[in-house]
Amino acid sequence: MNPMRHRRLGLLIAGAVIGSLSLAACSSSSDGERSGGGEVSQEVKDLVAEYQDAPTDIKQTEPLSATPEKKSVAFIVCADPTCTVLGDALEGAVTELGWDYTGINAPATDFGSAVQQAIDLGVDYIAGTGSDVATFQNAFDAATDAGIPYFSCYSSDVPEGDASNLFANCYDLTAVDTYSRVLTSWIIEDSGADASIGVVNVPEFPTLSNAVPGVEETLEEFCDTCTSQPVDISVDVLTSGGSTNAIVSFLQSNPEVNYLYLAFGNFEPGLGQALKSAGLDDVKVVGVQPQQAQIESLINGESSAWIATPQENAMWTLADQMARVANGEWDQGLERTAAVPPIYIIDTVEEAEAIVDLQDGWPGPDGFKDQYRTLWGLS
Amino acid sequence: MSTDTTKPVVSPAARRSLKSSSGATSTPLSVTLGRYSAIILWAGFTILFGILRPDTFLSSVTWRLTFSEGVVTAIVALAFLVPLAAGVYDLSVGATMGTGLVLMNWFGLNHPGLPPWQVAIGVLAFCALIGFCSAVVIVKFRVQSLIATLGVSQVLLAFQLFMANNRQLTGAFESSWLDLGNGQVLGIPVVALYLLVLAVLMWFVLEHTPVGRRLFAVGSNPEAARLAGLNVERLTYGSLMTSAVIGGFAGIVFSMKVGTYNSSVGPGLLFPALAAVFFGASQFARRPNVWGTLIAYFALAFGVKGLQLTFGPGTFWIQPLFQGAALLIAVALASRVVGQTRRSRQLQREAAADDAQAAGEATPPPR
């Protein structure tokens, strides 16, 4: 064998290993230690108390001047199972208005083609969730050119009405800020201001990664004895079942972390069992947007608190904005009012058991549909 | 005609030349290292991260968890291995795993009276049927296995979404079923023992039975195997059905371990499984093999674990890098071996021609 070849191979491998380690070192985070606790301010206690009970009112209070005339709506059903649930909810809402509904399935990698399909159908309004306009800009521009208003939820764009052709974005980043503020306050109170929080998020999705600064800002405001660190999970790791391992590794490397904040409930099946196997039972798991599995995990003692965000209510909020556009009564201030949903903290087994049988989670405040019907002049 | 006249006469100089140039008497160091590279890599990771993070990387918790978390993917890899031995690619193994999982959950939710073990037997039978269907497409319709199983995987995904109504399925199992996937025996995760039993069984069948030898014979040269009297079609059917059953078994193990169905679970395991099989195929016997696959998979898993523990969550990009690099290195090593074999054959032919020429000058040609 040619010794030079061996040498080159060895250098190549050594270079690759050193390069990887250097890159990894650049992306590493520093370890922290818990302070031993501080004082929980009255403001934090009040904030938590405000969200302890399930709300009874929707956020929108301004009634329409008249019931809107008939329209047709296309909803882009994204590849995530949650979108099917949302589509069903929107269909229920627009049907209530006497409108036509069409659901269009979007491929996971091409949201824009489904939007284009809706434009070709000649619908009056198009709605979609979870995708920023920039990810399907061409199709969005085509909708603008065709005079079809677009409505969104769970993305990071700010609606500007006619100026941008985006007329709604419910449960957006401002909503994420609210979830972070409320749940971080719960952690501060629960820990006695002695919390070290790992914020599990997916940097690719702004509505999830925004939890990281949200938690940080709340800690800066209310708890100088608390710390937080991001736990970034890539979509690839998420889909290949590696996120549990990544989360457990993070907790093993950071034994001071005593709270795991999941920016999205449906992060990883099996996290509870993995934490138990790793002897990390003392780490409290909290999160946002619980599905049925997460509510069950609270009952089983595998998680401690969840911010219940009503999915069905989101789609009725969207339909409400469409009705306002239909009547020529759209107003950015009113839209922003409803962007942050009514939420509450589920932190007891009793509260969890009350909604565990609801397959799609807490739908919204009691009688929220009647409240919307009243706003729309239908009751 | 005496035998002496037909026996090739090789001059000592030519023999020396042949040996030295083809490497017939000594295996090149790079080939030997390549053959055991997964073990070397695993040992290297253990030493490196054992030094960098002795408190966490060398803890029993880390080893137990890494084995436990990797079991399902490793079973999917073994499912891919069986048809690969016969030269057939089964890209539907991940989807078959997901199908097994969705069926376990669906029956658990809709027919809670049925014992899970009975459902599991039904699931394995259904998965065997899936493998049979794939084989029909490949054997009867002459569709390339890569394309056929890719298509089957999408059909299976559609089936899963239909069964689950495009939702996460949860709460289907009693704790007694989940205990079967989360217990430990002498500190070893019970699911790792399931994997070990499966691996020993597969190793025995593939390496020590006529069936295994026939599979490899078909895999290395199907035409030659056919001419030798082997029933290539039946072996293709058998390998794909076995693969699907093992894929279904992975779904059953996942149902014991986690108990929740999610449509992303199965397909997401395909690439890590493939990387392990191809990396593993460059190990030991330099053909698809059980222990090479498992060692390759866990070597990479421990590498990822070590980096996560040492450098924190900022290394989320490490996992795909490792799997992609492993696949590339494995294929590169395999190509290198093939290249060496070709070069060796060429050199042998050249040496034989030289010898024949030399012998022709010394002895008269046979009549």
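Residues numbered from 1 in each chain as written. Chains lettered and ligands numbered in written order. Predicted model: local features only at pLDDT ≥ 70, side-chain atom pairs only at ≥ 80, totals over all residues. Heavy atoms only, no water.

Draft legend 1. Structural detail: a negative patch on the surface. Residues and elements named next belong to chain A. Together, Asp177, Glu216, Glu217 and Glu220 make up a negatively charged patch on the protein surface. Broken down by element, the residue count for the negative patch peaks at three residues, all from helix H8 (residues 211–222). Using a relative accessible area of 33% as the deciding quantity, one classes glutamate 216 as partly exposed. (Patch = residues over 30% accessible without salt bridge, like charges linked within 9 Å, V, L, I, M, F, W, Y side chains within 5 Å. Areas by Shrake-Rupley, 256 points an atom, 1.4 Å probe, with all protein chains shown as cover. Salt bridge = Lys/Arg side-chain N within 4 Å of Asp/Glu carboxyl O. Lys, Arg positive; Asp, Glu negative; His and termini not counted. Charge placed at Lys NZ, Arg CZ, Asp CG, Glu CD. Helix = DSSP H or I, 4+ residues; strand = E, 2+ residues; numbered from the N terminus. Buried < 20%, exposed > 50% of the residue type's maximum accessible area, 1.4 Å probe, protein only.)

Draft legend 2. Expanded view of the sheet that holds strand E1 (residues 72–77) of chain A. Residues and elements named next belong to chain A. Pairing is parallel in the open sheet, where five strands are placed in the order E2-E1-E3-E4-E5. Since the sheet does not close on itself, it has two edges, and those belong to strand E2 (100–105) and strand E5 (166–170), each with one partner. Mean inter-strand twist for the sheet, computed between neighbouring axes without regard to direction, equals 20°. Relative to strand E3 (residues 125–129), E1 runs parallel, the two sharing four bridges. When the sheet's bridge partners are listed, alanine 74 is paired in E3 with isoleucine 126. Running over the sheet, helix H3 (residues 81–96) touches E1, E2 and E3 and is turned about 170° from E1. (Pairing = 2+ DSSP bridges. Axes fitted to C-alpha atoms, helices over the stretch in contact; angles between N-to-C directions. Contact = heavy atoms within 4.5 Å.)

Draft legend 3. The arrangement of the packing of helix H10 (residues 243–253) of chain A against helix H16 (residues 290–311) of chain B in detail. Put simply, H10 of chain A and H16 of chain B touch, their axes get as near as 8 Å, and they point 40° apart. Overall, the two elements H10 of chain A and H16 of chain B adopt an arrangement that is oblique. Pair H10 of chain A / H16 of chain B crosses with right-handed handedness. Mapping the contact onto sequence places Asn245, Ala246, Val248, Ser249, Gln252 and Ser253 of chain A in H10 of chain A and Lys305, Gln308 and Leu309 of chain B in H16 of chain B. By residue class, the composition of the contact of H10 of chain A with H16 of chain B is three nonpolar, five polar and one charged. (Parallel < 35°, antiparallel > 145°, perpendicular 65-115°, else oblique. Left-handed = near helix turned anticlockwise from the far one by under 90°. Nonpolar A, V, L, I, M, F, W, Y, C, P; charged D, E, K, R; others polar.)

Draft legend 4. Highlighting the nonpolar core. Leu90, Ile126, Tyr261, Leu318 and Met322 of chain A are the most contacted members of the largest nonpolar core, which has 93 residues in total. Of all the elements, helix H13 (residues 311–326) of chain A adds the most residues to this core, at nine residues. Mapping this core onto the domain boundaries places at least three of its residues in each of domain 1 (33–52 + 175–308) and domain 2 (72–171 + 310–340) of chain A. The contact partners of leucine 90 of chain A, leaving out residues within four places of it in the chain, are Val73, Phe75, Tyr101, Ala127, Met315, Leu318, Ala319 and Met322 of chain A. Membership of the second largest hydrophobic core comes to 88 residues, among which are Phe49, Val218, Val232 and Val253 of chain B. (Core = buried A, V, L, I, M, F, W, Y, C linked by side-chain atoms within 4.5 Å. Domains from an automatic or database assignment.)

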